[in-house]
Every structure is written in C-alpha cells, then in structure tokens.
Amino acid sequence: MAASHDAKPRFDATQKVFRLDAGKVTYAMGVNADGMLQNIYWGARLEDADPLVALPAPERSSFDPKGALSLQEYAGWGGSLTATPALKLRFDDGNRDLVLRYDSYRIDGGDLAILLRDAQAGVKVTLHYSADASTGIVGRSAHIENGSGQPITIDSAAAATWSLPPANDYSLRYLTGTWAGEWHLQTRPVAPGATVLESRRGSTGDENNPWFAIGRGSDWNEDHGDVWFGALAWSGSWQLRVDEDILGQVRVTGGFNPFDFGYRLKPGESLDTPVFYAGYTGDGVGEASRLMHRFERTRVLPEGPTPKIRPVLYNSWEATEFKVDEVGQERLAVKAAALGVERFVVDDGWFGARDSDHAGLGDWVVNRRKFPNGLKPLIDRVHGLGMSFGLWVEPEMVNPDSDLYRAHPDWVLNFTGRDRSLGRNQMVLNLAREDVKAHVFEVLDRLLAENDIQFLKWDYNRNWSEPGWPQMAPDEQQKVYVAYTRNLYDILRRLREKHPGVEIESCSGGGARVDLGIMALTDEVWPSDNTDPSDRLSIQDGFSYAYAPATMMAWVTGSPNWVNGRSSSLDFRFLSSMQGGLGIGANLLEWTASDEEAARRYIAEYKTIRATVQQGELYRLLSPQGRAPWSATESVSADRAQAVLFAFQRQGEEARAFPTLRLRGLDPKARYRMRFIHGKAAPGTPDTASGAYWMQRGIDIAIKGDLQAAGVVFDRVR
Ligand code: GLA
C-alpha cells in the first residue's frame, strides 16, 4: 500500500506517546512507567496539543495485581497477566513466561514500527501501525522473532488487541451464516465475559465473518452513535475475541485462531501475523460501513484507488450445471450478448471427467467430449460477440476419482494411516507443500497462457479435515495453518502479475471466503449461492455492513428459485441484483421475447447507474434483517450528481403504505430530477425538487402486493 495515503505518525519523546491522527480519528498509545505499551485513546480526532499520557498500572487486589488488566497494545502471556494475551508461546526448555516491554520505535513514511521485547527470553515483537489519511482506519500487525538460542512454539498470535474506552453499555454486531444463508446480522450486548467469533475450518468460513462493529449506548443506529469497527485480513482459520473484564474494559483481540495452532520458530526465525484493520466513527454504523467501503475500494482492492467497474456477466451454472458443451454454451452466449451482457463465464464441468461433483477436480484439461476443439472456438465466438470470457476453477481441491489424485495421493491434507473425510466428494490439496503450490500455479499459468481468458471464478467448496502434513516433522506440521494461506496468496499474486488482464472472483460455495486478505488479490466476490431475490435482500444487506458493493456480485436467475422454490417477477429479480455487480444466471433459452425485452432494458438502465451503485456511498434506508417486510437502499455518487434508490416490499400488509423514504447524502441546494426504472411514485410527487426536499420531505412510492419493487434514479439538474 502506498505510504503517501497514510497519515504521518508522531512521537512525543518527553511523554513517550505515539499518535496517529487520520481522517476524523485519533489513535494514541504510550509507554507507561512499567515499560508497557498501553492504549491511551481511540476515538474522535483530538487537538494536536491535547495532553495524552500513559498511566502506571494500579494494583487493585492480590487477585488483580499490577498490570494484570492494563490496556496493553500487545501483551505477552507472562508475569501476572490475566487478560487475554496477544501472544503466547513455549520455549523448548520449558519456560512459558513472556513479558514484553517497550524497546524502541521507527517511523518510515506512514509506517510506525514499535519494538517490544523480552530481553532475557530473547523474543522481539515489532508492531506495525499505519493510519489511512482519508478514513482514519488503522492497520496493525506483528512481526514475531525468535532471538533466543532455542526453538520456541507459538501457541497463539494475534495481529492486534484493540482497546475501547471503559463503559458498560456497548453492544456488538457481527455476521453469521451458513451455505445459502450467509450474512445474517447479529447484535448482542457486550457484557463481562467473552464473545468468540471464529473459523476453525482452515478458511474464512461463513459461520462467522472476521468483521465486528461495537457501538456505545442504547440508541446507536445507522446514523447516530459511537461505533468502533474492524476486519481481519486473513483467509485461513481466524479468531476475534471480544472480552469485557471486571473493570468494564473492552478489548477485541484478533488474529490466527489459537485452536490447534502451534508454530515452531527456530532461533533466528520469525512469524508475521495478518493485518487487522479497525476504525472509529461518531456517526453510526451506516458511516462505519461507508468508511469500510471507501477503504476497500481505495486501499485494499488490487485495482484501487479506482477499481474497474464490474461488467455485466452471464454465468452458466444454474442454467446447465455440469452439462456444459461448446454448442450449448455458444447458444447461451448469443442470447446473453443480445441482452447487453459484457462477460460470459463457463462454470463447472468443462474439464477432466467432470460430469458430476464425483470426479475430475484436479484435472484441469479441457474435456474433449464436450469441447472437441478445445475452448478456443467458444472463446473466439464469445469475443466475437463483444464479451470477455471467464472460466470456473477450483484449484485447491481434488476428487479421489481424478488422474491427479491417482498420481499424487499424498498431496492432500491427511494424517498418516487415518481416514480422509470427503466433502462434496473432494479433498483439500495441501497448498502448504511447495510441490503442490508449484503445480497449482503452473496449471493455472498454462490455462491462462494457452487460452484468451479475462476472468476466473475461483471456487473453494469444503472445509478442511484431518489437517495433517505428514511430510513434515510432527512438531512442524501445524505450520500448515499459516503456510497454506500464504501460499494461496502467493499463487494469486504471481498469477495477477503474469496475467495482468485477468480478473478473479473469490467464491467459496457462496460467501465462505470473503475477507480483506482475499479481497486484496481478487476483484469481486460471490456472496451466496442463494440467488432468490428476496433472501438476497438480507444477504446483500448483511454483506454491506462489512464489504463494498463494488465487490458484490448478484445474479438474476430462474423463477421459481432453486433454493427455496419461491416465484418472483423478473422486475423484482433485476432490481434486487442491481444493488451490486449485476449478473445473469438464468437459462436464457427458456426466456420469452418479453423477458428478453425487459432484460435488455434493465441491463441498459443498469449501465447508466452502476458507477453510482458500485462506487458511490451506500445508505441503508430500510433494513430487511429479521425477515422484515421492507428493504430500501440508496447509493449516491461521489460528486452527488446521481442517487439511485431501490425499494422492496416482500409482503403487503393490510392497507399499509410503504414508508416514506427520505434520501441521504444529496446536495441540499442542488435540484434533482427523479425517474423511475420500475414502479411509480404516489400521486402528487414532483418530478424535480431540491436535494433538501428529497432528504427532508422524501418520496412516497406506490407499492402494493407481495414481492414488489421499485427503482428510482435522481439526477442533478444542471
Ligand atoms: C459452488 C459455487 C457455485 C457453482 C458450483 C459449481 O457451489 O458456489 O456458484 O460454481 O460450485 O460446482
């Protein structure tokens, strides 16, 4: 990340206080009289001259001795610490005591590096801090070095501990989910004790997502209140722990999941943690999301600060499943192009002996029965139709029924002599092995070199099981938790470097691998296999708390929907999908002429608003969470020249009208003309009015009935 976008850290040598002042945020820490690096302040921006000092740790009782509960930035487990440590380790000689004290610092551009050490034990930890000048989001990570004369084993290593000001009225929002039901927003009070969010699955997972938001007071909401929020940039097993101690001090500690962790470091070796990003706003959780979105667009996504617009894509999966072939795909491509689709993606089934999910994974050679002349004729045809070409891959997996597994049964995660559990009839290749990593890179590199491909949908369809690495000594095997994910990142990085025109989507049976780590190496993500447009309202809403609409793909598929059997109109499906990167996943051969006509119109409309939807500021106006009857979102372009409003009624009740929607983020003095993509306004609604009018009076939409939707565009009048 370019240092010029980071605020310059400052150090006050007399008070021994470090300050990061960025955006509307100040983050301060200091070295106290005991040499501990302690959090002093994290919140709204302070004046430069404001006094900030680190206080010595008090002794409360014999059960809470000095330092046991102090707000350390990165505590080692040792001495009398009783709070959750950021780092816990074991020396081969039996010592497990680690007391980290401040040593020195270095400021290099926007990077603040603070060295903590346990001089006697010979362990050095360098904490890295940077603060994004625009959003005030702080990134933290740790570099842990074994400077002792003996091997150590790290039992747990966090990227950071974030400390909040002591209070007894915090509540936590977080995201939970499952396959076809990702991104449920949860809220619970933060109370004495701990809440643990985690994945033990080897990858990010969808049970919890590594994001949190903690608000203060009883009435924090979209628009109001203090909110601290953050996300961990890691796609392997992870943990975020929210602890409230007996003093009401709240800490969020996150990094590698300590469960089954054990990372050996020989003398001189080191371990880098992932980066944990976190921010603060005084303007509610809506603003917290907008800050995250802006940070992701400008600082995380590979094409930042202005990521490319998502093209309208077609994907074959729901139409043809494994029955892909040259003739059938070409037919779909012709139909898709005629609708205005810009990218055609062939999903699963094009390779090896892949006629179902029982065989073929691992054999990334074109199936000549389905594509007798290879992929070239189809790719040429797709290009000839004016679309880019994309292909589905699942490079980290292998079916036992594959040439790859028959040749290399030792390449999968396994414990010697133990059963190898299957998930979707497949196993996980051990990417931590250098030979496996080299193979996966080479296969994909060749695929991209030999075929004129612009896009990969990179899938990952199961959890780890039996995560052994028998080729390594027993005490080195647990390195798999780190090495696998780092090697995955390395493959993605090198593929992008070598094939700069290729875009990549992160998919994991839906949204089970979405995090800031994978986002730095991919262009878009697949939030869920659930494409029902009503379920999607909640899924997309939950997603938007943490992640930018710029990355969120949403397809219009067939009705009734395959997941839940619900029927919905094409209008409802289009409007729901237009809230993200629009795709079509329906069987176009089944569409009538009037379906095609409607689709052409929606796609053309979408192209006029997608920059606003994907890269504008998102306001969640009505929440669909908890199966609520309504949902509404508004996106406003950065220059406030356009706003796009989507409104949905899942279920009509009594004679009740749809709530008045008051817009946000417009220029109050400018005039905006509104235009419906679909639906209509209540009688008497003006076509043109000031930003102030639309934001204060708002707009009433005439919606009646079940599964009804409206889309409205507001364009500033010159
Ligand atoms: C996963 C993906 C789907 C599709 C199938 C193909 O379930 O999430 O979109 O690609 O795999 O097997």
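Residues numbered from 1 in each chain as written. Predicted model: local features only at pLDDT ≥ 70, side-chain atom pairs only at ≥ 80, totals over all residues. Heavy atoms only, no water.

*Asks:* Please clarify how helix α4 (residues 376–384) should be interpreted in this entry.
*Replies:* Given 3.6 residues to a turn, an α-helix orients residues that are three or four positions apart in the same direction. Among all positions in α4, only L378, I379 and V382 are buried. With its buried residues spanning 100° around the axis, α4 presents them on a single face. Residues K376 and G384 are exposed on α4 and point more than 90 degrees away from its buried face. With its phi angle positive at about 85°, G386 sits one or two positions after the end of α4. (Buried < 20%, exposed > 50% of the residue type's maximum accessible area, 1.4 Å probe, protein only. Helix = DSSP H or I, 4+ residues; strand = E, 2+ residues; numbered from the N terminus. Arc of directions from axis to C-beta.)

*Asks:* Can you help me understand the sheet that holds strand β22 (residues 343–346) in this one?
*Replies:* Whenever strands of a sheet pair, they do so through backbone hydrogen bonds, lying parallel or antiparallel. Taken in spatial order, the eight strands make up an open sheet running β28-β27-β26-β23-β22-β21-β30-β29, and their pairing is parallel. Either end of the sheet is taken by a strand with one partner, and the two such strands are β28 (524–525) and β29 (553–556). With two bridges joining them, strand β27 (residues 503–506) and β28 adopt parallel strand pairing. Each residue of the ladder has a partner; that of S506, found in β28, is V525. In the packing of helix α3 (residues 326–339) onto the sheet, contacts are made with β21 (313–315) and β22, and the angle to β22 comes to roughly 155°. (Pairing = 2+ DSSP bridges. Contact = heavy atoms within 4.5 Å. Axes fitted to C-alpha atoms, helices over the stretch in contact; angles between N-to-C directions.)

*Asks:* Sorry if this is basic, but what is going on with the packing of helix α9 (residues 533–546) against helix α10 (residues 570–577) here?
*Replies:* Packed helices, taken two at a time, are described by the angle their axes make and the gap between the axes. It is at 9 Å that the axes of α9 and α10 come closest, and there the two elements cross at 15°. It follows that α9 is roughly parallel to α10 by the angle criterion. By crossing handedness, the relation of α9 to α10 is classed as left-handed. Between α9, through P533, S534, R536, L537 and Q540, and α10, the contact on the second element is made entirely by F572, R573 and S576. Of the residues belonging to the contact of α9 with α10, the class tally is three nonpolar, three polar and two charged. (Parallel < 35°, antiparallel > 145°, perpendicular 65-115°, else oblique. Left-handed = near helix turned anticlockwise from the far one by under 90°. Nonpolar A, V, L, I, M, F, W, Y, C, P; charged D, E, K, R; others polar.)

*Asks:* Whenever I open this one, the site of the ligand confuses me. Can you help?
*Replies:* Surveying the vicinity of the ligand reveals 13 residues, the closest of which are D347, D348, R424, K457 and D529. W392 is positioned with one of its side-chain polar atoms (N or O) 3.0 Å from an oxygen atom of the ligand. At a separation of 2.5 Å, an oxygen atom of the ligand approaches a polar side-chain atom of D529. Protein chains shield 96% of the accessible area of the ligand, which is 310 Å² for the free molecule. The residue makeup of the shell around the ligand, split by class, is four nonpolar, three polar and six charged. (Near = heavy atom within 4 Å. Polar contact = N/O pair within 3.5 Å; in protein donor to acceptor, adjacent residues only side chain to side chain. Areas by Shrake-Rupley, 256 points an atom, 1.4 Å probe, with all protein chains shown as cover.)

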